[in-house]
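Chains, contacts and geometry: an overview
The residues making up each chain are set out below.
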Amino acid sequence: NGQLTLRAGLNPAPCFLNSRFDFAGTWQNFVLEVDIQSLDITVDEKPGILYRTTGWQSTNDNAFGYMVQMTSSNLQLLRGTNVSSGGGAATLVQASSAITFTSNTYYHMMIVVSGNTHQVYLNNILYINVTDATWTGAGYVGCRLYNNTIPRVTAFFDNFGIMSSAFVGTRQHA
């Protein structure tokens, strides 16, 4: 059915999983839409979307270009190291106001990136609107799941789509 399931355990803690969407190619400016469901968003389970990522690695949790993640209380846009080896830390670019998430509920996320402008919508409401010019080139997109507190967490990613942000005008949602 096209749904992607990520399950992260705690061996070792914390645990993260990244899945690069090679089939989508690389993107610089785009509109990305996806439905995300977390089975237990009320704990330290953080599903998210990665983009403009060229430095993929499996040993550094912060080796992404940009990441939008759902936490137990808000949305966050983070900037990673975007390197394929070595360490480093992620930087919080912007966090949304408080959001009350419900476990086992799908949320529709839309990320619009054009030049240095990054916008994040959840269920058609704009929560993040910020400029950041750190990573400006094209990179891969993908999804991720972070787990820091419970033995096993699960998130589902469905109805993924991506297109050039050059086609975006005034968006109307029903």
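Refer to the structure printed above.
These numbers were taken from a predicted model, which means no experiment stands behind them.

Conventions we followed
Residues numbered from 1 in each chain as written. Predicted model: local features only at pLDDT ≥ 70, side-chain atom pairs only at ≥ 80, totals over all residues. Heavy atoms only, no water. Salt bridge = Lys/Arg side-chain N within 4 Å of Asp/Glu carboxyl O. Buried < 20%, exposed > 50% of the residue type's maximum accessible area, 1.4 Å probe, protein only. Helix = DSSP H or I, 4+ residues; strand = E, 2+ residues; numbered from the N terminus. Pairing = 2+ DSSP bridges. Core = buried A, V, L, I, M, F, W, Y, C linked by side-chain atoms within 4.5 Å. Contact = heavy atoms within 4.5 Å. Polar contact = N/O pair within 3.5 Å; in protein donor to acceptor, adjacent residues only side chain to side chain.

Remarks on the pattern of salt bridges
- Taken as a whole, this structure holds two salt bridges when the rule is applied.
- For Arg20, the salt bridge is made with Asp22, and the minimal N-O distance between the two is 2.5 Å.
- Given the relative accessible area of 44%, Asp22 is considered partly exposed.

Here we look at the pairing of strand 5 (residues 45-53)
- Of all nine residues that make up strand 5, nine are buried, and the element is covered over most of its length.
- Alignment of strand 5 against strand 12 (residues 139-147), held across seven bridges, turns out to be antiparallel. Bridge pairing links Glu45 to Asn147 in strand 12.
- With four bridges connecting them, strand 5 and strand 6 (residues 66-70) associate as antiparallel partners.

Some remarks on the nonpolar core
- Membership of the largest hydrophobic core comes to 35 residues, with the highest contact counts inside it found for Ile49, Tyr51, Leu75, Met109 and Ile111.
- Ranked by size, the runner-up nonpolar core spans five residues in total, among them Leu50, Trp56, Phe64 and Met67.

Regarding the environment of Tyr106
- Looking at the element boundaries, Tyr106 is found in strand 9 (residues 105-114).
- Judged by relative accessible area, which is 34%, Tyr106 ranks as partly exposed.
- Setting aside its immediate chain neighbours within four residues, Tyr106 contacts Gln3, Asp35, Ile36, Gln37, Phe156 and Asp158.
- Looking at Tyr106, its side chain comes within polar contact range of the side chain of Gln3, at 2.5 Å.

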